[in-house]
Amino acid sequence: MTPDDLSTKEWQLLDAAHHMAPFTDYGEQRKHGARIITHAEGHYIYDVEGTRILDGMAGLWCVNVGYGRQSLVDAAAEQMTTLPYYNNFFKTSNKPVVALSKRLADISPEGLNNVFYANSGSEANDTIIRMVRHFWALEGQPERRVIIGREYGYHGSTIMSASMGGMSGMHDQAADEADFVHIRPPYGFLHQGNQDDAVFAANAASWLEDKIIEIGADKVAAFVAEPVQGAGGVIVPPDGYFEHIQNICKRYDIVFIVDEVITGFGRTGEWFASQRMNLSPDMMTMAKGLTSGYMPMSGVMVGDRVADRFIADGGEFYHGFTYSGHPVAAAVALANLDIIENEGLIERVREDTGPYLGEALALLADHPLVGEVRTYGLLAAIELVESKDGPVLFDKVGHVGGLCRDHALSHGLMMRAVRDGMILSPPLTYTRDDIDATVAIARTALDATAGDLGVS
Ligand code: PXG
């Protein structure tokens, strides 16, 4: 079947008849059908009707180098020709994986020198959970099992990674394993009130210490955090928050896990947000931007503390996936890192497009629906509010955000709505012109949404 064979409606019906898409209401899917995406080039995706949409989300926060990159295609084709697959289970490895591991150790925060590969962020986080528990068993403290995460944290969709995440809707659907607890995030827009940043940073970090004391430090294995919470709504911590957090982790001897699945590979203007925020994690999750989404691949960077313990007396670690260290994914990752490096994408985000996105979006703050605009590198959130005074949020959470997202889409821009926040996470190759186009459509969408609500 090709797009020419079927009408849009037929594609949609066929899709709804057999495809259970992720995070989808299947009743809705059957009623309305999905948008069928056919191809992509640069910063644009195209649907089956030929509609061109500026991809302000880089796929799902992942297509860091943009679409249509021939060098990634060539790397995959070459590797498929040479060695399309071999496992790494029984004392074997492959050249792309050897090269990639060295490269990842070089660009990661100091002390993270070892990598375990998986296929998705969820699997990488499941791996971390097993590693952390095994680590504490090896340390003679097997009762340290609790992992503290944060509300609105997103760490994946497997039972364990969703339990570690702080999405209550997911917990309600059979992802509420024991030994995971959550503290409030440093969500200034909701919780800061009139505290200044330094005070709020200390207060928000103290929620971790309170939780550790409540549980008993001898039961706590780890604390996990995204440097900027992505799927939770691009929640940017106040300066100083993580300095307090790291001190608390040290004080109670707790493993510090940083999930860089979204923030990694240049998105914040450094290879990893940990470097921009001066974090020294014991373990770090990577996925998405590692291959710019061209192949599924994820990894766990394992710090010396945990790795040395495993090497010294861990025995065999009974964990791995058929495709751990897949040679084709590794070859694509290497070609992807080449693009990021050779095109200076990290410097560009840090020095040019990151600050420019911040300035351009700040102009929307005068809009009657906009309660706050925040950016961090090429991550952005525009919070929509019923009233700026307070602020007062909308009663029916997500409704207005959904309206605004739909208006943006009908004007050719893909944004994501998280609750009533509009989210952007564009490719790192985005230009100033792309940013101008994005902000112009965002304003049009805000005006149309205000029109729907009768707000002027
Ligand atoms: N950690 C973080 C920080 C993520 O953002 C994962 C782990 C899980 O990765 P996988 O590859 O298992 O999906 C993610 C994924 C959204 C959305 O709604 C975000 C993600 C996935 C799906 C939807 O914004 N992030």
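One numbering rule holds for all chains: residues counted from 1, following each sequence as written. In keeping with the model being predicted, local features are shown solely for residues with a pLDDT of at least 70 and side-chain atom pairs are shown and tallied solely at 80 or more, while totals for entire chains, interfaces and linings include all residues. Computation of side-chain values: all heavy atoms of the structure, hydrogens and water removed.

J.: I would appreciate a short explanation of the domain arrangement of the chain in the present structure.
T.: Interfaces are frequently sized by the accessible area removed from exposure as the parts join. The start and end points of each domain follow an automatic or database-based domain assignment. If you check the domain split of the chain, you get domain 1 (35–65 + 344–453) and domain 2 (71–342). In this structure, domain 1 and domain 2 have C-alpha centres spaced 26 Å apart. Contacts are assigned to residue pairs with any non-hydrogen atoms lying within 4.5 Å of each other. Listed by partner, the interface residues are 32 residues for domain 1 and 35 residues for domain 2. The quantity reported as buried area is the accessible area (1.4 Å probe) lost by two parts once they are put together, taken as the sum for both. When the two sides are added together, the surface that domain 1 and domain 2 hide from each other amounts to roughly 2800 Å², 62% of it contributed by carbon and sulfur. When a carboxyl oxygen of Asp or Glu is within 4 Å of a side-chain nitrogen of Lys or Arg, the pair counts as a salt bridge. Taken together, the links from domain 1 to domain 2 amount to one salt bridge. Between Glu270 and Arg350 there is a salt bridge whose closest N-O contact spans 3.3 Å. Within 3.5 Å is the distance limit for a polar contact, defined as a pair of N or O atoms, with the added protein rule that one can donate a hydrogen and the other accept it, and that residues adjacent in sequence qualify only through two side-chain atoms. Our count for the contact surface shared by domain 1 and domain 2 stands at 19 residue pairs in polar contact (both at pLDDT 80 or more). For the side of domain 1 that touches domain 2, the secondary-structure elements that each account for two or more residues are α3 (58–61), α15 (345–362), β11 (370–376) and β12 (379–384). A run of DSSP states H or I qualifies as a helix once it reaches four residues; a run of E qualifies as a strand once it reaches two. Both are numbered from the N-terminal end.

J.: Mind showing me how you'd approach the packing of helix α5 (residues 95–107) against helix α14 (residues 327–342) here?
T.: Packed helices, taken two at a time, are described by the angle their axes make and the gap between the axes. Running from N to C, α5 and α14 point in directions that differ by 40°, and their axes come no closer than 8 Å. Judged on the interaxial angle alone, α14 and α5 are oblique. Read as a crossing pair, α5 and α14 show a hand that is left-handed. Contacts between α5 and α14 involve Pro96, Val97, Ala99, Leu100, Arg103 and Leu104 on the former and, on the latter, Pro327, Ala330, Ala331, Ala333, Leu334, Leu337, Asp338 and Glu341. Looking at the contact of α5 with α14 residue by residue, the classes come out as 11 nonpolar, no polar and three charged. Between N-to-C directions, angles span 0 to 180 degrees; the directions come from axes that are lines fitted to C-alpha atoms, helices contributing only their stretch in contact. Any angle that falls under 35 degrees is termed roughly parallel, while one over 145 is termed roughly antiparallel, one within 65 to 115 roughly perpendicular, and all others oblique. Helix crossings are classified by the rotation of the near helix relative to the far one: an anticlockwise turn of less than a right angle makes the crossing left-handed, while a clockwise turn makes it right-handed. Only Asp, Glu, Lys and Arg are considered charged in this grouping, and only Ala, Val, Leu, Ile, Met, Phe, Trp, Tyr, Cys and Pro are considered nonpolar; every other residue, Gly among them, is considered polar.

J.: So what exactly am I meant to see when it comes to the site of the ligand here?
T.: Taken together, 16 residues lie near the ligand, and Trp61, Gly121, Ser122, Asp259 and Arg416 sit nearest. For the ligand, an oxygen atom lies 2.8 Å from a polar atom in the side chain of Trp61. Between Ser122 and the ligand, the recorded distance is 2.5 Å, taken from a side-chain N or O atom to an oxygen atom. Summarising the interface, the protein chains cover 85% of the accessible area of the ligand, which totals 540 Å² for the free molecule. By residue number, the principal contributor to the shell around the ligand is helix α6 (residues 121–138), which donates three residues. Considered class by class, the residues forming the shell around the ligand number six nonpolar, six polar and four charged. Residue proximity to a molecule or strand is established when one non-hydrogen atom of the residue lies within 4 Å of it. Accessible surface is estimated by sampling points in the Shrake-Rupley manner with a 1.4 Å probe; for residues, cover comes only from the protein chains shown.

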